[in-house]
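Now for the letters of each chain:
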Amino acid sequence: MLKFVYFAFCALFFGAGVYVWKVKNTGAAQVAPDDPVAAAPPAEDFRQTGALVEIAGTQITQEDVNWEYDLVTSGVVGNEELTPIPDLGPRLTEELKPLRKAIVANIIERKLLYAFVQQDKSFVFDEPSRYESCMKEWQETIKADQIGAQSFASKEGRNRLRARLCERSVLEQYLDEKLFADVTASPDEALEYYKNHRAEYSVSERVVIRQVLLGSDADAKRVRAQINTQNFADLARSKSIAPEGVDGGKLGPFTKSAIPAIFEMAFSMKKGEISPILKSPYGYHIMTLVEKLPRSELSFDQVKNKITKVLRRKQQEERYQKWVDKALASIAVSSPKPLW
């Protein structure tokens, strides 16, 4: 549940910060080999400044972590548009520790890669147009108060938000223009992948059903007593309180894993068979099996585009990890002790 809350605020790749931290965090202040950037301050300086990590001279403090943590969680409790965080009382802090760890790792990765991008002289880093999108998003976010005024009520908070948005925007542009620009997958590669993964591209057995949903047991019993294969659709239109009633109560096709549990018995029914009254939190259901579709294999043409996306994504992930390794080898990442 909490994973959704956090990653809703992460871009496509910038959730791999945990990978960076596991690679780099050995529990002592350190500098990458052959590092062109000046060495980070010793551990005692971190304690004085309150910094948790220093990346190429940029310190990440507990205050930075707290701000991003508030940014992510602000307004989530009781907000119906997001997955709610349950009221856990004193357990809440402990339960949210993984979220805080993920936020720390994400900040480290973002700052590391942002510093690394600045070293690439072929990328026009200071072009004003690069910042148009993030500045627009920044202004719209503040105006709409989409996240919660507490996160950027102060000038400092607004500046933090702007920096966060623009760092991410520049990194996304770099990925598109430099790292992933020539990533592709040929038809032959897609066909070979299809041949080796045919089992993944099949459709399980599915059912099409009709249902009548009633609001009371008495109503359900009256309808069940008069319903049959011939009048089922008409009674669904006239009696059902479910929205699909206007279509004669027709639903599906569904696989067994996708169908609501109350309708799973449809897979053992015969065509035209009518179920007994089934009770659920929504009311009282009467169901009939319209059609049972056997398991089938999808053709290459049906899945070609999907496979191409899979192959491109795989290439992107491989390139991204190599890029992170290069950044780790050239940018100083230091900390006085393990964060967890």
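Residues numbered from 1 in each chain as written. Predicted model: local features only at pLDDT ≥ 70, side-chain atom pairs only at ≥ 80, totals over all residues. Heavy atoms only, no water.

Break down the nonpolar core for me, citing the residues and quoting the values.
Core analysis: the largest hydrophobic core is formed by 43 residues, its most contacted members being Ile55, Val117, Tyr320 and Trp323. The element that contributes the greatest number of residues to this core is helix H6 (residues 97-117), accounting for 11 residues. Sequence-distant contacts of Val117, that is, excluding residues within four places in its chain, are made with Phe123, Phe125, Val170, Leu171, Tyr174 and Trp323. (Core = buried A, V, L, I, M, F, W, Y, C linked by side-chain atoms within 4.5 Å. Buried < 20%, exposed > 50% of the residue type's maximum accessible area, 1.4 Å probe, protein only. Helix = DSSP H or I, 4+ residues; strand = E, 2+ residues; numbered from the N terminus. Contact = heavy atoms within 4.5 Å.)

Go over the confidence of the model for the protein chain, please, and point to the residues and values.
Predicted coordinates in regions of low pLDDT should not be interpreted in detail. Predicted confidence across the protein chain gives a mean pLDDT of 81, with 76% of residues reaching 70 or more. Contacts for the low-pLDDT stretch residues 1-13, under 50 throughout, to residues beyond four places or in other chains number 33 contacts. (pLDDT = per-residue confidence, 0-100.)

I'd like a description of the sheet that holds strand E5 (residues 250-255), backed by residues and values.
Within the open sheet, the 4 strands sit side by side as E5-E4-E7-E6. Their pairing is antiparallel. Of all the strands in the sheet, the pair left with one neighbour each is E5 and strand E6 (278-280). This sheet shows a mean twist of 40° between the axes of neighbouring strands, independent of strand direction. Across 9 bridges, strand E4 (residues 206-214) lies against strand E7 (residues 283-293) in antiparallel orientation. Among the inter-strand pairings, Val207 is bridged to a residue of E7, identified as Lys292. Across the sheet, helix H11 (residues 217-226) lies against E4 and E7, angled at about 40° from E7, the strand it touches most. Contacting E4 and E7, helix H12 (residues 232-239) runs over the sheet at an angle of about 45° to E4. (Pairing = 2+ DSSP bridges. Axes fitted to C-alpha atoms, helices over the stretch in contact; angles between N-to-C directions.)

Describe the pairing of strand E1 (residues 51-55), naming the residues involved and giving the relevant values.
Among the 5 residues that make up E1, 5 are buried, leaving the element largely enclosed by the rest of the structure. Here E1 pairs with strand E2 (residues 58-61) via 4 bridges, running antiparallel. Bridging from a neighbouring strand, Glu54 pairs with Gln59 of E2. Counting the residues between successive antiparallel strands, the hairpin from E1 to E2 contains 2 residues, one of them, Ala56, with a positive phi of roughly 50°.

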